[in-house]
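# Summary of structural features
Take a look at the letters that make up each chain.
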Number of protein chains: 2
Amino acid sequence: MIDKTAPRVAVNELYRFMHEVLTRVGVPEEDATVCADVLITSDLRGIESHGIQRLKMYYDRIRNGQQQAVTQFEIVREGPTTAVVDGNHGMGMVIGKRSMQMAIDKARVYGMGSVAVRNSTHFGIDGYYARMALEAGMIGMSFTNARPSIAPTFSVQPKLGTNPIAFGCPTDEECPFLYDAATSITQRGKFEVYERTNKPCVPGWVTDQQGNPMTDAHEVLVGLTKDTAALLPLGGAGEDLGGYKGYGLATIVEILSASLQTGQFLNNLLGFDPQGGKRPFMLGHFFMTINIESFVALNEFKATTGGILRELRAARKAPGATRIYTAGEKEFENEKRIRGEGVPIVPTLQAEMKTIISELGLTGYNFPF
Amino acid sequence: MIDKTAPRVAVNELYRFMHEVLTRVGVPEEDATVCADVLITSDLRGIESHGIQRLKMYYDRIRNGQQQAVTQFEIVREGPTTAVVDGNHGMGMVIGKRSMQMAIDKARVYGMGSVAVRNSTHFGIDGYYARMALEAGMIGMSFTNARPSIAPTFSVQPKLGTNPIAFGCPTDEECPFLYDAATSITQRGKFEVYERTNKPCVPGWVTDQQGNPMTDAHEVLVGLTKDTAALLPLGGAGEDLGGYKGYGLATIVEILSASLQTGQFLNNLLGFDPQGGKRPFMLGHFFMTINIESFVALNEFKATTGGILRELRAARKAPGATRIYTAGEKEFENEKRIRGEGVPIVPTLQAEMKTIISELGLTGYNFPF
């Protein structure tokens, strides 16, 4: 996926750039630190679609009023293990981090915690929040709905968001177990990467209105906004290979994200009002924590989990396969590598960054483009 | 899937038979009521693989000592929202129902509940326990590990169980939302049904040791026990269509089922000791509840969820498609139908039932075979 010819920007420099851009459009200093950390974490983990490549999206949405640079984090209701939070269309990362921290604090006292969030905005990589919990010695889960893109089984209309599931927990190894994946076969951000790099998509990821596969990333992205292309759920079209399971999982994420806070869902998450004007996305999230030490000693949990992962990696390989991974390993290794090499910046992204630099009149960046 | 030519047995009569068989092999009256209810619920929902077709499995395992007819339900540790339970190799359904009830009771007080179970046995359909929670006005989730059958991505060795995820919640409609699905494309019980009915399997469900698809259900079942066939995770072989996601979800279920109770996992769940002798399966389960009313009014939750499901069902259909379902609808409709028509009993199942009748010397059943 990574473009080996693209010039690299050092991680610290890219972080500094994202932080300055966010503060210059009105995000308070401390909140910009949170947002830039979520974004750079995505780039470090090799999830190119959700880091610097999304900066201009946030920048545009703040400037056109679809989200607020200053986050008004409002606790609507609270119980011993639960809370409902209203994000008031602020910065999704700020809302997400504070909400997951609430769930962690609750689980520390009661054994479990969960926070349902309404009126939020795109919060970056789902796994960031699950990782917060595992770093606190807990199991963490994070869910969010998103703009319509997945077609239900037997439909060709984008309805459900890519609705990711993130699950993290500590192990007795340096690399934690961290699962973070859309419930579609692949996700919107990946098409943005394929579009930027002019790569054809794998047939089977997207359906057109006749039920045929689409492989041009640009056409897919246009089709998703025009309601003429739809991502297929994990398991693919129809029922033969379990597509109804991916569809069902996406529905679970939609319910967790919307129903516990009486929120908007599906077609109401388009970011447009019925007259076609831009409006906030009104996304919902759900964060959940389980305090491991309420069940067993943390080191026992870590040893069992590490044992599971090592046995999986040692499974007999398929002919031609060289390595069996467990969730989070590739991203963990990316992080070490990219910290040294820097983040690749493809030409279309260079252009976006130049636009921002020019519009904000930024100086002091020595980017290699 | 249902064999239209097979003779039918009335639901009440089949329940009475299963209940008597279980009590005759030593399951206490009240526990047999629970077990038979879980089994007949499976038959009613049209999940043929997990009802009467599994009776002989339980019967054999009790008689050969792999599980105990009398369940010693032991609470090892308990906190406000959490508990660890030891099932002491008793009846999985009895252990499962009592554990989920504990999680429901905890969520009623604290907003959430979860129970990790060790040393359990096959507990029937996962969805039974999630349904208990939704009938109590809660979100219910249920997870279990199982004998090795799924190959990790890039492996051909059965390692993970079919490791199902069940999720249920109430809606404003008569039919609740109830998702219950293996994290493999399809599950072991389905091959048992295909074997009994001599149907070829869909290529892509199972891999042989060369990475090629297997379609003979009998060969698949033999291969799974001989370590020469493996189910593919949801998303299929390799990474192109997201197989690593199904594999990751199966791993999450293994972690939830084993690590919170320092239990056995993967190859240690084979039901055989290293010398090849039969031993208990030592399965783990994890049950989780979220009390909806800790977040929003129950009727608000139901209305939002019902709204999501109705919008999904009304999505634009793929060419040739006649209906879009949401999770649990097909099973809900099966239940109404099968309650009237009775449960189909295919010839191989008839033979198993006759064996049990003969071995236990049962009388008073007028089965049409």
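Residues numbered from 1 in each chain as written. Chains lettered and ligands numbered in written order. Predicted model: local features only at pLDDT ≥ 70, side-chain atom pairs only at ≥ 80, totals over all residues.

### Here we look at the domain arrangement of chain A
Residue and element names in this part refer to chain A.
- In terms of domains, chain A is made up of domain 1 (1–64 + 339–369), domain 2 (71–181 + 239–327) and domain 3 (186–231).
- Taking only C-alpha atoms, the centre of domain 1 and the centre of domain 2 are 24 Å apart.
- Each partner contributes residues to the interface: domain 1 has eleven residues there, and domain 2 has nine residues.
- In terms of residue class, the side of domain 1 that touches domain 2 is made up of six nonpolar, four polar and one charged. (Domains from an automatic or database assignment. Contact = placed C-beta atoms within 7 Å. Nonpolar A, V, L, I, M, F, W, Y, C, P; charged D, E, K, R; others polar.)

### What to know about the pairing of strand β3 (residues 82–86) of chain B
Residues and elements named next belong to chain B.
- The element β3 is extensively covered by neighbouring structure, given that four of its five residues are classed as buried.
- The sheet contact formed by strand β2 (residues 74–78) and β3 spans four bridges and is antiparallel. Looking at the pairing, I75 lines up with V85 of β3.
- Remark: three residues form the turn of the hairpin made by β2 and β3, two consecutive strands paired antiparallel. (Buried ≥ 20, exposed ≤ 12 C-beta atoms within 10 Å, placed from the backbone. Helix = DSSP H or I, 4+ residues; strand = E, 2+ residues; numbered from the N terminus. Pairing = 2+ DSSP bridges.)

### A word on the interface of chain B and chain A
- Chain B puts 72 residues into the contact, and the matching count from chain A is 72 residues.
- Every element with two or more residues in the side of chain B that touches chain A is listed here: β3, β4 (112–120), β6 (165–169), β7 (177–181), α8 (243–258) and α9 (298–313) of chain B.

### Structural notes on the nonpolar core
- M18 and C35 of chain A together with M18 and C35 of chain B are the most contacted members of the largest nonpolar core, which totals 241 residues.
- When neighbours within four sequence positions are excluded, C35 of chain A is seen to be in contact with L22, V27, M91, M93 and V94 of chain A. (Core = buried A, V, L, I, M, F, W, Y, C linked by C-beta atoms within 7 Å.)

### Some points on the relation of the copies chain B and chain A
- Under the fitted operation, chain B is carried onto chain A by 0.0 Å of movement along the axis and a turn of 180 degrees, and the coordinates agree to an RMSD of 0.0 Å. Read as a symmetry element, the transformation amounts to a two-fold axis. Taking the C-alpha atom as reference, chain B places G235 of chain B closest to the rotation axis, 2.4 Å from it. (Least-squares fit on C-alpha atoms with pLDDT ≥ 70 in both.)

### Structural notes on the environment of A250 of chain A
Residue and element names in this part refer to chain A.
- As for its position among the elements, A250 is in helix α8 (residues 243–258).
- Taking C-alpha positions, A250 is 28 Å from Q68, a pair spaced 182 residues apart along the chain.
- Residue contacts for A250: discarding those within four places in its chain leaves I150, L160, N163, T183 and P233.

### A word on the sheet that holds strand β3 (residues 82–86) of chain A
All names here are of chain A.
- Read from one edge to the other, the open sheet built from seven strands follows the order β2-β3-β4-β10-β5-β6-β7, with strand pairing classed as mixed. Looking at which strands have only one partner, the edges of the open sheet turn out to be β2 (74–78) and β7 (177–181). With direction set aside, neighbouring strand axes in the sheet form an average angle of 15 degrees.
- As paired strands, strand β6 (residues 165–169) and β7 are joined by five bridges and run antiparallel to one another. Residue C169 lies in a different strand from β7, and its bridge partner there is F177.
- Packing of helix α4 (residues 92–110) onto the sheet brings it into contact with β3, β4 (112–120), β5 (138–144) and β10 (283–291), and relative to β4 it is tilted by some 160 degrees. (Axes fitted to C-alpha atoms, helices over the stretch in contact; angles between N-to-C directions.)

### Observations concerning the confidence of the model for chain A
- For chain A, mean pLDDT is 96; residues scoring 70 or higher make up 99% of the total.
- The ipTM, which scores confidence in the relative placement of chains, is 0.98 for this predicted complex, and the corresponding pTM is 0.98. (pLDDT = per-residue confidence, 0-100.)

### So, the packing of helix α4 (residues 92–110) of chain B against helix α5 (residues 127–135) of chain B
Residues and elements named next belong to chain B.
- Where α4 meets α5, the axes come as close as 10 Å, and the angle between the chain directions of the two elements is 30 degrees. In terms of axis orientation, α4 runs roughly parallel to α5. With respect to the hand of their crossing, α4 and α5 are arranged in right-handed fashion. Contacts from G96, M100, Q101 and I104 in α4 reach Y129, M132 and A133 in α5.
- Per-class residue counts for the contact of α4 with α5 are five nonpolar, two polar and no charged. (Parallel < 35°, antiparallel > 145°, perpendicular 65-115°, else oblique. Left-handed = near helix turned anticlockwise from the far one by under 90°.)

### Topic: helix α10 (residues 329–341) of chain B
- Look at α10 of chain B: 18 Å from first C-alpha to last across 13 residues, which is about the 18 Å you get at 1.5 Å a residue.
- Of the residues trailing α10 of chain B, G342 of chain B is marked for its positive phi of about 90 degrees. (Expected span 1.5 Å × (residues − 1).)

### Some words on unusual backbone geometry
- The residue M282 of chain A is not glycine, and still its phi comes out positive at about 55 degrees.
- Its identity is not glycine, yet H89 of chain B carries a phi of approximately 60 degrees, on the positive side.
- Positionally, H89 of chain B belongs in the loop between β3 and α4.
- Judged by C-beta crowding, with 22 C-beta atoms within 10 Å, H89 of chain B ranks as buried.

### Digging into the environment of F301 of chain B
- For F301 of chain B, the position within the fold is in helix α9.
- When the C-alpha positions of F301 of chain B and I345 of chain B are compared, they lie 40 Å apart, and in sequence the two are 44 residues distant.
- Residues contacting F301 of chain B, with those up to four places away along its chain left out, are S259 and L260 of chain A together with I292 and V296 of chain B.

### Quick notes on the pairing of strand β5 (residues 138–144) of chain B
Residue and element names in this part refer to chain B.
- For β5, the tally of buried residues reaches seven of seven residues, placing the bulk of the element in the interior.
- The two faces of β5 match: M138, G140, S142 and T144 on one face and I139, M141 and F143 on the other face are all buried.
- Pairing between β5 and strand β10 (residues 283–291): seven bridges, direction antiparallel. Bridge pairing links M141 to M288 in β10.
- Relative to β6, β5 runs antiparallel, the two being bridged by four bridges. When the sheet's bridge partners are listed, S142 is paired in β6 with A166.

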